[in-house]
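For reference, the chains in residue letters:
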Amino acid sequence: MTGLGAVFRPQLPPERLREVVRLADASGLEELWLWEDCFREGGISAAAAALAWSGHVRVGIGLLPVPLRNVAITAMEVATLDRLFPGRAIIGVGHGVQDWMGQVGARAESPVTLLREHLDALRALLRGERLTTEGRYVRLDDVALDWPPAGPVEILAGAGGPRTLRLSGAAADGTILTSSTPPDGVRRARRLIDEGRASAGRTDPHKLVVYLLTATGPDAAARLRAELTDDGVESVPDLGVAGDAATVAKAVRRLAEAGADTVVLQPTGDEPDPEAFVRFAAEEVAAEVRALAP
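Source: prediction; values computed, not measured. (Residues numbered from 1 in each chain as written. Predicted model: local features only at pLDDT ≥ 70, side-chain atom pairs only at ≥ 80, totals over all residues. Heavy atoms only, no water.)

### A short note on the overall build of the protein chain
At step 1: Counting its secondary structure elements, the protein chain contains 10 helices and 11 strands.
At step 2: Computed over the C-alpha atoms, the radius of gyration of the protein chain is 18 Å, within 12% of the 19 Å expected from 2.2 N^0.38 for a compact globule of 294 residues.
At step 3: Taking the principal axes of its C-alpha atoms as reference, the protein chain extends roughly 60 × 40 × 40 Å.
At step 4: The burial tally for the protein chain puts 55% of its 294 residues in the buried class.
At step 5: When contacts within the protein chain are restricted to residue pairs at least 6 apart in sequence, those whose partners lie at least 24 apart make up 74%.
At step 6: When the accessible surface of the protein chain is split by element, carbon and sulfur atoms take 50% of a total near 13000 Å².
At step 7: The positive charge centre, built from 32 side chains, and the negative charge centre, built from 41, are 4 Å apart in the protein chain. (Helix = DSSP H or I, 4+ residues; strand = E, 2+ residues; numbered from the N terminus. Rg over C-alpha atoms; globule rule 2.2 N^0.38 Å. Buried < 20%, exposed > 50% of the residue type's maximum accessible area, 1.4 Å probe, protein only. Contact = heavy atoms within 4.5 Å. Areas by Shrake-Rupley, 256 points an atom, 1.4 Å probe, with all protein chains shown as cover. Lys, Arg positive; Asp, Glu negative; His and termini not counted. Charge placed at Lys NZ, Arg CZ, Asp CG, Glu CD.)

Here it is as structure tokens:
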């Protein structure tokens, strides 16, 4: 069964989050995803609040830019979230937008090397290991968490290019793909991820999360077209979906058939009613997706 989620976009002020979280929890939404976009809202702080305000919905952070974070701090925060809210936080890490990383003086010469070192160290620390490493970017001397997670914590990586997709397969527990990924792109990503998994001898499950730009309501098509145009991807076929729940569910199904394990509905930046969008995803789209399941 395909997992289904929705995004609380950081274009909304943080004080809007509480009501969206409570509605997501009450309506049975599986996953609510948050973004740490510069320079809007912090991913860990928003996730902690969302988890505290809810009792059931899983909260994803997609994603934490690793150039901004010492890996020990990332591990401490992730471990704290998991011990407070076992199994409910979904953690994604990635390169971050390189222009933003440059703005804060954190742009890495080799983003792939940095992400690999960060993933290796983060996953080891979360397993409770004591770690000493001297990498190009990640340097730790006899570091271990006093309060590691009580059980396994999956770490996902945001990826798009071939090298990062293979790296995610080899070094992460799952992959996050942006809404600029059509079904054919999901198939390509899954192949590259599997190449990385094979090179690392991994046979464990690998979760593939795909964002789907989604608009509903009377002006849905115009809002979707405007956002795709602003993002410079209006000519890419099969990107995004506009329409009612049945139409959206069919787009979700196409991504699932291409290899997505979870599809996260991403509202347009000018979505007029974020609360209604979450209810639409949790109740109407989810019912249609279940009806389409083989």
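### Examining the side chain of threonine 74
At step 1: In this structure, threonine 74 sits in helix H3 (residues 71-84).
At step 2: Its relative accessible area of 0% is what places threonine 74 among the buried residues.
At step 3: For threonine 74, the contacting residues outside a window of four places in its chain are Leu64, Arg69, His118 and Leu122.

### A word on the nonpolar core
At step 1: Membership of the largest hydrophobic core comes to 81 residues, with the highest contact counts inside it found for Leu29, Ile91, Val93, Leu119, Leu126, Ile155 and Leu265.
At step 2: Among the elements that line this core, the one with the most residues is helix H5 (residues 111-126), at nine residues.
At step 3: Beyond its immediate sequence surroundings of up to four residues, leucine 126 is in contact with Ala75, Val78, Ala79, Leu145, Pro148, Pro149, Val153 and Ile155.
At step 4: In terms of nonpolar packing, the next biggest core, distinct from the first, is built from nine residues, Trp35, Ile90, Leu156 and Val209 among them. (Core = buried A, V, L, I, M, F, W, Y, C linked by side-chain atoms within 4.5 Å.)

### Looking at the pairing of strand E1 (residues 3-8)
At step 1: E1 sits mainly inside the fold: six of its six residues count as buried.
At step 2: Judged by which residues are buried, E1 turns out to be covered on both faces: Gly3, Gly5 and Val7 on one side and Leu4, Ala6 and Phe8 on the other are all buried.
At step 3: Bridge analysis of E1 against strand E11 (residues 262-267) gives four bridges, and the strand direction is parallel. Bridge pairing in E11 links alanine 6 to leucine 265.
At step 4: Direction of pairing for E1 relative to strand E2 (residues 31-34): parallel, over a ladder of four bridges. Following the sheet pairing, glycine 5 is matched in E2 by glutamate 31.
At step 5: Handedness of the crossover joining E1 and E2 through helix H1 (residues 17-27) is recorded here as right-handed. (Pairing = 2+ DSSP bridges. Right-handed = clockwise from strand over helix to strand, strands pointing away.)

### What about the pairing of strand E4 (residues 89-94)?
At step 1: With six of six residues buried, E4 lies mostly within the body of the structure.
At step 2: Here E4 shows a buried face lined by Ala89, Ile91 and Val93 and a second buried face lined by Ile90, Gly92 and Gly94.
At step 3: Pairing between strand E3 (residues 58-65) and E4: five bridges, direction parallel. Bridge assignment links isoleucine 61 to a residue of E4, and that residue is isoleucine 91.
At step 4: Taken together, E3, H3 and E4 form a β-α-β motif whose crossover is right-handed.
At step 5: Relative to strand E7 (residues 155-158), E4 runs parallel, the two being bridged by three bridges. From the neighbouring strand, glycine 92 faces E7, where its bridge partner is leucine 156.

### Regarding the pattern of salt bridges
At step 1: Summed over the entire model, instances satisfying the criterion amount to 24 salt bridges.
At step 2: For aspartate 142, the salt bridge goes to arginine 130, with nearest N and O atoms at 3.5 Å. You can see aspartate 142 sitting in strand E6 (residues 139-143) and its partner arginine 130 sitting in the loop between H5 and strand E5 (131-134), a full 12 residues away along the chain.
At step 3: Aspartate 142 gets classed as partly exposed once you look at its relative accessible area, which sits at 44%.
At step 4: Overall, the relative accessible area of 57% leaves arginine 130 in the exposed class.
At step 5: Across the pair glutamate 271 and arginine 223 runs a salt bridge whose closest N-O atoms are separated by 3.7 Å. A residue pair is termed long-range when its members are at least 10 positions apart, and glutamate 271 in the loop between E11 and helix H10 (274-292) and arginine 223 in helix H8 (residues 220-230) qualify at 48 residues.
At step 6: Judged by its relative accessible area of 13%, glutamate 271 falls in the buried class.
At step 7: Residue class for arginine 223 comes out buried when judged on its relative accessible area of 6%.
At step 8: Connected via shared salt-bridge partners are Arg123, Asp173, Asp194, Arg197, Arg202 and Asp204. (Salt bridge = Lys/Arg side-chain N within 4 Å of Asp/Glu carboxyl O.)

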